[in-house]
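# Analysis of the macromolecular model
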Amino acid sequence: IARYKRARGFNVLHPMGWDAFGLPAENAAMERGIHPAEWTYANIAAMREQLKGMGLSIDWSKELATCHPGYYAQQQRLFLDFLGAGLVYRKESWVNWDPVDQTVLANEQVIEGRGWRSGAPVEQRRLPQWFFRITAYSEELLSALDELERWPEKVRLMQRNWIGKSRGARIWFPIDGRSDALEIFTTRPDTIDGASFMALSPHHPLAQELAAKDPGLSDFIAECEHLGTSEEAIERTEKLGYDTGLVCSHPLDSNWKLPVYVANFVLMDYGTGAIFGVPSGDQRDLDFARKYGLPVIETYRPVGARDPSPQELEAYEDQLRRHPVVEHRSAEGRELLFHISESAFIDKSAEEPVHYTNARFLDEPIATPIEAIEAAIDYLEHQGVGEGTVQFRLRDWGVSRQRYWGCPIPVIHCADCGAVPVPLEELPVQLPDDVDFSSPGNPLERHESWKSADCPSCGKAVRRDTDTMDTFVDSSWYFARFTAPRADAPTRREAVDYWLPVDQYIGGIEHAILHLLYARFFTRAMKQCGHLGVEEPFKGLFTQGMIGHETYQDSAGRYFSPDEISRGDNGGLVGPDGQAVTAGRVEKMSKSKKNTVDPARIIDTYGADTARWFMLSDSPPDREMEWTDAGIEGAWRFVQRLWRLADEALEALPPAGAEAPSAFGAEAMELRRATHKAIQSVGGDIEQFRFNRAVARIYELSNLLGATSLVKSDDAGDRWALREALESLVRLMAPMMPHLAEELWQRLGHDGMLVDLPWPEADQTLTVDETVTLAVQVNGKKRATIELPRDADEKTAEQAALSEPAVLRAVGESTPRKVIVVKNRIVNVVV
RNA sequence: GCCCCUGUGGCGGAACCGGUAGACGCGCGCGACUCAAAAUCGCGUUCCGAAAGGAGUGGGGGUUCGAGUCCCUCCAGGGGCACCA
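Notes on the structure follow. Small disclaimer: the values here were computed from a predicted structure and weren't measured.

Here is what the cut-offs are and how they apply
- Residues numbered from 1 in each chain as written.
- Chains lettered and ligands numbered in written order.
- Predicted model: local features only at pLDDT ≥ 70, side-chain atom pairs only at ≥ 80, totals over all residues.
- Heavy atoms only, no water.
- Buried < 20%, exposed > 50% of the residue type's maximum accessible area, 1.4 Å probe, protein only.
- Helix = DSSP H or I, 4+ residues; strand = E, 2+ residues; numbered from the N terminus.
- Near = heavy atom within 4 Å.
- Polar contact = N/O pair within 3.5 Å; in protein donor to acceptor, adjacent residues only side chain to side chain.
- Nonpolar A, V, L, I, M, F, W, Y, C, P; charged D, E, K, R; others polar.
- Pairing = 2+ DSSP bridges.
- Axes fitted to C-alpha atoms, helices over the stretch in contact; angles between N-to-C directions.
- Contact = heavy atoms within 4.5 Å.
- Core = buried A, V, L, I, M, F, W, Y, C linked by side-chain atoms within 4.5 Å.
- Expected span 1.5 Å × (residues − 1).
- Phe/Tyr/Trp six-rings, centres within 6.5 Å; stacked < 30°, edge-to-face > 60°.
- Lys NZ or Arg CZ within 6 Å of the ring centre and 35° of its normal.

### Quick look at helix α27 (residues 738-747)
At 3.6 residues per turn, the α-helix brings residues three or four places apart onto the same side. Taken residue by residue, α27 has Pro738, Leu740, Ala741, Glu742, Leu744 and Trp745 as its buried positions. Following α27 by one or two positions, glycine 749 adopts a phi angle in the positive range, close to 100 degrees.

### Overview of the protein's contact with RNA strand B
As a structural note, the neighbourhood of RNA strand B is formed by 53 residues, with Phe265, Arg395, Arg693, Arg809 and Arg825 the closest of them. Taking the atoms of RNA strand B that fall within 4 Å of the protein, sugar and phosphate contribute 65% of them. Between RNA strand B and threonine 773 there is a distance of 3.0 Å, counted from a base oxygen to a backbone nitrogen or oxygen. Looking at the surface near RNA strand B residue by residue, the class counts come to 19 nonpolar, 13 polar and 21 charged.

### Quick word on the sheet that holds strand β12 (residues 253-263)
Across the sheet, which stays open at both edges, the four strands sit in the order β11-β12-β10-β13 with mixed pairing between neighbours. Sheet topology places β11 (241-250) and β13 (274-277) at the edges, where each strand pairs with a single neighbour. The mean angle between the axes of side-by-side strands here comes to 30 degrees, regardless of whether they run parallel or antiparallel. Pairing between strand β10 (residues 197-200) and β13: four bridges, direction antiparallel. Along β13, the bridge assignment pairs alanine 199 with isoleucine 275. Together, β11 and β12 form the strand contacts of helix α8 (residues 215-225), whose direction differs from that of β11 by roughly 110 degrees.

### Some words on the pairing of strand β35 (residues 826-830)
Within β35, four of the five residues are buried, which leaves the element mostly enclosed by the surrounding structure. Pairing geometry for strand β34 (residues 818-822) and β35, over five bridges, is antiparallel. Bridge pairing links valine 821 to valine 827 in β35. Between β34 and β35, which follow one another and run antiparallel, lie three residues, and asparagine 824 among them has a positive phi close to 65 degrees.

### A word on the nonpolar core
By size, the foremost hydrophobic cluster in this structure holds 80 residues, and its most contacted members are Phe79, Phe132, Trp397 and Phe522. Per-element accounting of this core gives the leading share, eight residues, to helix α20 (residues 514-528). Other than its neighbours up to four places away in sequence, phenylalanine 79 contacts Val88, Trp130, Phe132, Ile409, Pro410, Val411 and Met469. Within the second largest apolar cluster, 53 residues are counted, among which are Ile679, Leu701, Leu705 and Trp745.

### Focus: the sheet that holds strand β9 (residues 181-186)
Reading across from one edge, β9-β8-β16 is the order of the three strands in this open sheet, with antiparallel pairing throughout. Because the sheet does not close on itself, it has two edges, and the strands there are β9 and β16 (386-392). Across the sheet, the mean angle from the axis of one strand to that of its neighbour is 30 degrees, orientation sign disregarded. The pairing of strand β8 (residues 165-174) with β16 spans seven bridges and is classified as antiparallel. Counterpart to arginine 170 in the pairing with β16 is glutamate 387.

### Topic: the environment of tryptophan 172
Secondary-structure assignment places tryptophan 172 in strand β8. Residues tryptophan 172 and glutamine 430, spaced 258 residues apart in sequence, show a C-alpha to C-alpha distance of 51 Å. The residues contacting tryptophan 172, other than those within four sequence positions of it, are Ala181, Leu182, Glu183, Pro251, Gly384, Val385, Gly386 and Glu387.

### Things to note about helix α25 (residues 691-707)
Between its first and last C-alpha atoms α25 spans 24 Å; for 17 residues at 1.5 Å apiece the expected length is 24 Å, and the two agree. Phe691, Asn692, Ala694, Val695, Ile698, Leu701, Ser702 and Leu705 are the residues of α25 that are buried. Against α22 (608-617), α23 (629-650), α24 (666-687) and α26 (716-733) lie the buried residues of α25.

### Points about the packing of aromatic side chains
Summed over the entire model, instances satisfying the criterion amount to 43 aromatic pairs. Seen from their ring centres, tyrosine 498 and tryptophan 499 are 4.7 Å apart, and the 85 degrees between their planes marks the pair as edge-to-face. Residue tyrosine 498 is classed as exposed on the basis of its relative accessible area, which comes to 51%. The class for tryptophan 499 is partly exposed, based on a relative accessible area of 23%. Ring pairs connect the aromatic residues Phe79, Phe82, Trp130, Phe132, Tyr137, Trp397, Phe472, Tyr518, Phe521 and Phe522, which therefore count as one cluster. In this structure, arginine 672 is placed above the aromatic ring of phenylalanine 664, and the distance from its NZ or CZ to the ring centre is 4.6 Å.

What follows is the structure in structure tokens.
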């Protein structure tokens, strides 16, 4: 893309940098005793060489590494700016705590409730953490997605779901015997007449208050805190509740009483940390209701559901007795409330759901849930017991990590002054080199001289914040830094205003949410603090697929790399010791499965151009592709073929830059048309990221060139057309195979570099053919094709079609009722 | 559970706006060159059929002169979110 855009006259910035902080470097340090910095910089050096070998036209003068103090110093400055702007704050929050390794774990690091490394049961701990206030931009981050037209719809959708805007209501339930009310959030206020219990999060202030006087509740809450927050933990955990003895009144009927439970499935950080349970509308609430003998009240019923018979009603009288019937009318299926335990009377063949609570909120008995929700909100607001509200799923971004290899948080903690920012002139707060990884936990925490400091405010001896920032912070603004990587501020406005937003961003789909959302947040926050002038970082986004490879395993389940596999005597695959090996499915390349290929080896064997060509040739780039030896061989053959093609034609060619003759023969014209059609389509294909199609067009032209007899001709026009075709071929493939293209360009007699030439332009008079082939259908079935001059009129087409023998045979005795002619495409005879 | 995407030869994949399904590549088959092999070149390659012809884009149904493409439905695979009230 960079090479193509450059040929199109754009000023292209194509930088490369290293997102280099993170856990793997620390693990390597622990396992091998190498300092994380040493390990990281060695990897960078190796990868830089690999990338250079691929010929990626990267501007290495802009290179940066996030672990370099020159980079993270500016990141610390951004942190302090955000702090000043109220976009960073500190609060206590619940985290997964590994009591053996003395560290916080990400949810992904908790396996079956235990720390992945220590195997110790994980605890829920409340720790002070730094947060970025991403929720300050919830609405903007959501609505601006609509304008990101050059982003894949899939990514925009994933972000929409992640931000998770819900319309709903906050409703206040009076608590019996107390002056305060319990505030809950719901997205379905229209089901309020299906409520049968209230549930509080174990972390809810009311639950905490009650626990102080109720040892049973206190124990229950402690038990909840031992559970992990990981997906597995949630799946396995039974829905448990503790009856607090407290009772709420239904806000619309003070005689209707609802018991208050503390339940382990209610989250404190969504909504208000309290809910009302509607067992008829929610499986989880239903499970809970059954477990604790709570009523189930129907609020929805499908059309066609019949009324219960008296016997059936009797069967549920127990349910009805538990609970006062508010109202029960039966008039043509329009009922206000109906108390039953299950969907016993529901006719499964019914189509539309009917809303039974409508009578309270709406005049019409049938409404969509959305209408009913809005009506319910109006009603609740009118009664003064609730209000419409919007709730986001998105939460603030906790960035504190108890890790060494990351950007230190530039804050000092003073007993008297609290959290005090490190003064700007003292930045960067640099990581110490002399650290000890021999015991678990954060080495910064144990580094007494590093962590001690003087309070910038009162001068007292205090300690530094020993946490480092989540590595996602590092990658949230590097694109801005690329525009002026050595500036002594986070950005240089002149540079950042010239380049941003990024015209074309490329990354894997795995970044669809976290990285891309954080970068969008950072861009807004940086704008607010005056570091740049745009809201959105990436105008165009392309998500490329990964390259996978077959996996190889022997009967013992050991994995082998492709290099270790060969063909045995019986034709089967064998491993290094001659044992039988089976080929498994194609998977994402990974060290554990050993299904990787070494770029250096590929480049040594086939050259960079072959590798580049193969990667672009078969699959659309947004899809996963499989790396195969056969595939790379095929690409290699094409490289050889191109070279030969040029070689064989060289003798016959007129000199470079020769004037075009005035006349061309038929075969020369055919080649010229093919050439200009290829020029036309390859550019468009590259623009649209359809590289596999561009490759196919290039193959087509080269096939024609290989088959042409023009090489043997003495005619000046023939020879000129041959040069035109060959030169065009070289120029079209140049963005994909730059090295070969330059080499051939020189052999074709040119002095300068091809990379400095503009992209070729197609001659529009040569991109269309003089004759076209039309399909002739009889009743929509193809029977023949006819050759006609381009744009021949309908009459001509119809006559030509009806004189085809195969068409006449198909028409037979009947007379055509209608003949449909689509110019230059098709004739359909209807009989 | 909710939301989204994708199903086309032996394989990767083409097919603009509803208009010749299978471009291009891989693989395979046959042939040429060679003592032979490799490389290379030529021809062929959706399936059934000797051919005429018929069938065919996950299954079923619909709209249309005409459907891979639009609509409904079912099936399969993949992805995202998820004690989110």
